[in-house]
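Here are the chains, one letter per residue:
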Amino acid sequence: MPPRYEPRRLEEKWQKIWEERRLFEAPEEPSRPKYYVLEMFPYPSGRIHMGHVRNYTIGDVVARYKRMRGFNVLHPMGWDAFGLPAENAAMARGLHPASWTYDNIEYMRGQLKELGYSYDWPRELATCDPDYYRWEQLVFIEMFRRGLAYKKKAPVNWCPRCETVLANEQVEGGLCWRCDSPVSLKELEQWFFKITAYAEELLADLDNLTHWPERVLTMQRNWIGKSTGAEIFFPLKDGGEPLTVFTTRQDTLWGATFMSLAPEHPLALALAQGTPQEAAVRDFVEHWRAQDRSRGVLEEITKEGVFTGRYCLNPVTGWEIPIYVANFVLMEYGTGAVMAVPAHDQRDFEFAQKYGLPIKVVIQPPGEELRAEDLTAAYEDEGVLQDSGSFSGLASAPAREAIAAFLEEAGRGRPAVHFRLRDWLISRQRYWGAPIPIIYCEKCGLTPVPDKDLPVKLPLDVSLSGEGGSPLAQLPSFTDVPCPACGGPGRREVDTMDTFVESSWYFLRYACADYREGVLDRKRVDYWLPVDQYIGGIEHAVLHLLYARFFTKVLRDLGLAQIDEPFQRLLTQGMVLKDGAKMAKSKGNVVDPDELIQAYGTDTTRLFLLFAAPPERDLEWSDQGVMGGHRFLHRLWTLAHNLLPDIKETAPYQGTGADLPAGLGEFRHKVHQTIQKVTGDIEDRFHFNTAIAAVMELINAFYQGVEDHSQEEKALPVFREALEAVLKLLYPMVPHITEELWEALGYNTSLQLTPWPQAQAEALVEAARTVVVQINGKVRSRLMVPAGQSDREIENAALNDPVIQKWLQGRPPKKVVVARGKLVNIVI
């Protein structure tokens, strides 16, 4: 009888051994190829959930596999520890966010260690640690000095429930990304990072990210939103600065019959001032500024507007055209002012019909003639220009280029490129975040905190009520400081930084987490970066991943790194579902990892999450699947211990296979075929599910091989070779049970330090194969046939087999089916 398989006992044993031997710490070794694998670090919410476990298990398999392939692997872990959720959760429990956060980190670190992940724990960092954010503050100051960090008054997205500002990327369908509350616009002085200075490079470098999912690349391209067209100046009828519009369809300029402004446009109220329309415009602007006007919603809402009482002039026709404020115009696109061409834009067409505005056709489709009075919808495609001065008769594409040049020469416009991307708003009016290192002085203005005075520490002696904005503003011991430039009275900035700032560079800091002389140790950063494999959810496609790319380029330009892009490969893993829905307490479908580990062990938990679906797909939870994985590990345990008495003192087979009997040679062929399959599945595709399936199939063949060939010469060396291969192939997925069995084979070196198995070319050449022969679906015989035989030859061999002839007793079969050259079913 094999000893009892006790997963919790041996998991604790091996986790302790790994820690004592410091197997997963990765010093820089320039003589070895490096591999940096990283999962997106967690927010310390209190407990690890199954989504975390799946994410981190995928990363751990890659890390362990790459170590066995000879790479010097960096696999760190840390905590995205600042943010509003911690502040709110702590207040709800009457705790300080710091104690809440650090208690959660302590608990979750224990959970991660219990799961056996091969993290380089000495590199652990928490973004709420002053030793981390002091360097972030220094980067902020350098960005401020270069004009990449600035403060301005702007209409911003305001979440009334969170009582803070949100970046555009944090508003999803008009709702706060955290709490789903409706977001309104508010005019505030805010800090921004000038991400738009990198828009062109951020867009162009997407072409170099050939190992990122196309879906993520598309989302970033759309968010950056490059448009090539022209800026056109529309003079105001009564004088003053002209209105500037941006359009990609300057070929329709001669058809512009009115002007539309976004409700947020700074001139929306100013133009109406002193006109009979002033009150109506003010009411309209206030109403629509508070509404959800995201792109998806705008497609559905009724097009509405209000006349400002003012006119501008079409710069090429001289027409006086009315200026409206319209609910379908977005400030984030172009200049927030749109020349309206109702014959050639559907939204303008609907608006013009509603308000009785003129419609003029200036683009004709090939072979047709459109008349304004006959239009039932706008013609938005390209065509040939008409009634467009000297440009009439030109096709749309060449006309656009010619018109842009004409406008520039006439001083009425210029060719232009615009981006949908807007500067990153980083101010937050809450407490639990990194302080912005700026001091206000009436004499000197905005003054950065001197480098020697960093970090500006977040004070812990605050009263948190959740009302009235940041509690820092009520703390004179924090706010009242001398101006570092003149020594006069100064006041600290009380906004804190968006927590996405911390997560935009943590992966660089892991390379030198113990460095105290500056932001980054350039030598170590240059060795480890970029991250070779990054793993996380698709929900971060625009927010975190775009910000991280931007920050990396800034740090490069500050001389702190040499890379252009932070992540070479990106895997966006699917969600873990139960009963068809994402796991959530509110749905009652949460599976607690702790309970699963106690019941089945860490290896079973890992095995199920890897086997149930490819990593990029959503995974449907299955209790039966968990139990199936547990049974498989029991089969592995039993097989190994049944073999151990006979093979422990036997050396693995070392030959080419030419000296083996046919059946044993076929089994060895299966072993090396599996090595080749598993290696390809992990190396090329991260298809751990098919890799595991291949090993399961090998285990079945192993049981059969022991039954059929255990008495043959050289069977024991072949079985020893096969078992060692199985343990190596499974080690990245289920490291605890495989380490235990490896030790039982007599080895005192961890599998982590053992080379990955190589498929032997000679063994991959199939010499003979076993064919299973059934009669009416029941196995009656097995026979060896030479490799390469046809189905007809295999059928003849089966019918001539003495065992089968005895069963047939001279009766002719009704039907014979040969399946994949390995199975014959005879129907009688």
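Residues numbered from 1 in each chain as written. Predicted model: local features only at pLDDT ≥ 70, side-chain atom pairs only at ≥ 80, totals over all residues. Heavy atoms only, no water.

Caption draft 1: Broad picture of the overall build of the chain. Across its full length, the chain carries 27 helices and 32 strands. Across its three principal axes, the chain shows a C-alpha extent of roughly 105 × 75 × 50 Å. Relative to its 828 residues, the chain shows a buried fraction of 56%. Within the chain, residue pairs in contact and separated by at least 24 positions form 73% of the contacts whose partners lie at least 6 positions apart. A total of about 34,900 Å² of accessible surface is found on the chain, and carbon and sulfur atoms cover 50% of it. Charged side chains in the chain number 92 positive and 112 negative. The centres of these two groups are separated by 4 Å. (Helix = DSSP H or I, 4+ residues; strand = E, 2+ residues; numbered from the N terminus. Buried < 20%, exposed > 50% of the residue type's maximum accessible area, 1.4 Å probe, protein only. Contact = heavy atoms within 4.5 Å. Areas by Shrake-Rupley, 256 points an atom, 1.4 Å probe, with all protein chains shown as cover. Lys, Arg positive; Asp, Glu negative; His and termini not counted. Charge placed at Lys NZ, Arg CZ, Asp CG, Glu CD.)

Caption draft 2: Focus on the sheet that holds strand β30 (residues 778-786). Read from one edge of the open sheet, 4 strands run β30-β29-β32-β31, paired in mixed fashion. With one partner strand each, in any of the chains shown, β30 and β31 (815-819) form the two edges of the open sheet. For this sheet, the mean inter-axis angle between neighbouring strands, taken without regard to orientation, is 20 degrees. Note that β31 and strand β32 (residues 823-827) share 5 bridges and pair antiparallel. (Pairing = 2+ DSSP bridges. Axes fitted to C-alpha atoms, helices over the stretch in contact; angles between N-to-C directions.)

Caption draft 3: Just the packing of aromatic side chains, in detail. Here the structure, examined in full by the defined rule, presents 47 aromatic pairs. Between the aromatic rings of Phe-284 and Trp-288, the centroid separation amounts to 6.2 Å while the plane-to-plane angle is 50 degrees, which identifies the pairing as tilted. Here Trp-288 and Phe-284 lie together in helix α9 (residues 278-289), a separation of 4 residues that amounts to about one turn. Trp-288 matches Phe-284 in its accessibility class, with the two residues each being buried. Ring geometry for Phe-550 and Phe-551: centres 6.5 Å apart, planes at 75 degrees, overall edge-to-face. (Phe/Tyr/Trp six-rings, centres within 6.5 Å; stacked < 30°, edge-to-face > 60°.)

Caption draft 4: Looking closely at the environment of Asp-451. Mapped onto the elements of the fold, Asp-451 is located in the loop between β20 (445-448) and α13 (476-479). Among the residues examined, Asp-451 registers a relative accessible area of 37% and is labelled partly exposed. Taking the C-alpha atoms as reference points, Asp-451 and Glu-300, separated by 151 residues in sequence, lie 52 Å from one another. Here Asp-451 is in contact with Leu-138, Ile-141 and Arg-145, once residues within four sequence places are set aside.

Caption draft 5: Examining the sheet that holds strand β21 (residues 480-482) more closely. Taken together, the 4 strands give an open sheet; going across it, the order is β20-β19-β22-β21, and neighbouring strands pair in antiparallel fashion. This sheet does not close on itself; its edge strands, each paired only once, are β20 and β21. Mean inter-strand twist for the sheet, computed between neighbouring axes without regard to direction, equals 40 degrees. Sheet topology places strand β19 (residues 438-441) next to β20; 4 bridges connect them, and they run antiparallel. Bridge pairing links Ile-439 to Thr-447 in β20. Running over the sheet, helix α5 (residues 130-145) touches β19 and β20 and is turned about 135 degrees from β20.

Everything listed here is a matter of geometry and, on its own, says nothing about what the molecule does.
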